[in-house]
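Structure assessment
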Amino acid sequence: MLDHLRDQVLTLACLRLGFNAYDGREADLLPGSLLDAHARARATTTAREELTRSHVALMALLGDEVALYDRELALRLAAPFEAISDGMHAAGTRATNPRA
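Residues numbered from 1 in each chain as written. Predicted model: local features only at pLDDT ≥ 70, side-chain atom pairs only at ≥ 80, totals over all residues. Heavy atoms only, no water.

Describing the overall build of the chain
When you go through the chain residue by residue, the secondary structure sums to four helices and zero strands. Listed by position from the N terminus, the elements making up the chain come as α-α-α-α. Counting across all 100 residues of the chain, residues that qualify as buried make up 31%. Intrachain contacts of the chain at a sequence separation of at least 6 include 48% that bridge at least 24 residues. (Helix = DSSP H or I, 4+ residues; strand = E, 2+ residues; numbered from the N terminus. Buried < 20%, exposed > 50% of the residue type's maximum accessible area, 1.4 Å probe, protein only. Contact = heavy atoms within 4.5 Å.)

Take a look at the structure:
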């Protein structure tokens, strides 16, 4: 699921910048700073905390990408995106601390 979200955000960036988005064919042409951000957002383990961190980071990248395309839409989506991220944090807390 996280890889699919990452792929979709990369596709949006490719489309915004006029690159071929089909199967990520020109994703390597994206700015280095964007590629670095995506690399940092990738989960490095399957630990719940790491998967949660990755999901939250990818949701932030999605919000950033939407804002670059349509600022007004990004403002409307900010609360739902935040709720999704907050839900991931809460789920991670419950999994590691059942009393939370």
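Quick word on the pattern of salt bridges
Pairing of side chains with opposite charge becomes possible as their charged atoms draw close. A full pass over the atoms with the stated rule returns four salt bridges. A salt bridge links Asp3 to Arg42; the nearest nitrogen and oxygen atoms lie 3.0 Å apart. Of this pair, Asp3 sits in helix α1 (residues 2-17) while Arg42 sits in the loop between α2 (32-41) and α3 (48-69), and the two are 39 residues apart along the sequence. According to the relative accessible area criterion, Arg42 is partly exposed, its value standing at 37%. (Salt bridge = Lys/Arg side-chain N within 4 Å of Asp/Glu carboxyl O.)

Remarks on the environment of Ala78
Among the secondary structure elements, Ala78 is positioned in helix α4 (residues 71-96). Ala78 sits in the partly exposed class, given a relative accessible area of 38%. Remark: the alpha-carbon pair of Ala78 and Ala60, spanning 18 residues in sequence, is separated by 9.5 Å.

Quick look at the nonpolar core
Grouped together as the largest cluster of nonpolar side chains are 13 residues, with contacts concentrated most on Leu5, Val9, Leu58, Met59, Leu61 and Leu62. Those elements that provide at least two residues to this core are α1, α2, α3 and α4. No other element matches α3, which puts six residues into this core. When neighbours within four sequence positions are excluded, Leu62 is seen to be in contact with Leu5, Val9, Leu12 and Phe81. Leu10, Ala13, Cys14 and Ala21 belong to the second-largest nonpolar core, a separate cluster that totals seven residues. (Core = buried A, V, L, I, M, F, W, Y, C linked by side-chain atoms within 4.5 Å.)

Things to note about the side chain of His55
By the secondary structure assignment, His55 is in helix α3. The class for His55 is buried, based on a relative accessible area of 7%. In this structure His55 touches Met1, Leu2, Leu5, Ile84 and Met88, once residues within four positions along its chain are discounted.

Here's the deal with the side chain of Arg6
Within the element layout of this structure, Arg6 appears in helix α1. Notably, Arg6 is buried but unbridged: the nearest opposite-charge side chain belongs to Asp7, and the N-O separation is 4.3 Å. Setting aside its immediate chain neighbours within four residues, Arg6 contacts His38, Arg42 and Leu58. (Lys, Arg positive; Asp, Glu negative; His and termini not counted.)

Focus: α1
Between its terminal C-alpha atoms α1 stretches 23 Å, which fits the 22 Å expected from 16 residues at 1.5 Å a residue. Within the sequence span of α1, burial applies to Leu2, Leu5, Arg6, Val9, Leu10, Ala13 and Cys14. Those residues of α1 that are buried are in contact with α2 and α3. Count one or two residues on from α1 and you reach Gly18, which has phi positive near 80 degrees. (Expected span 1.5 Å × (residues − 1).)

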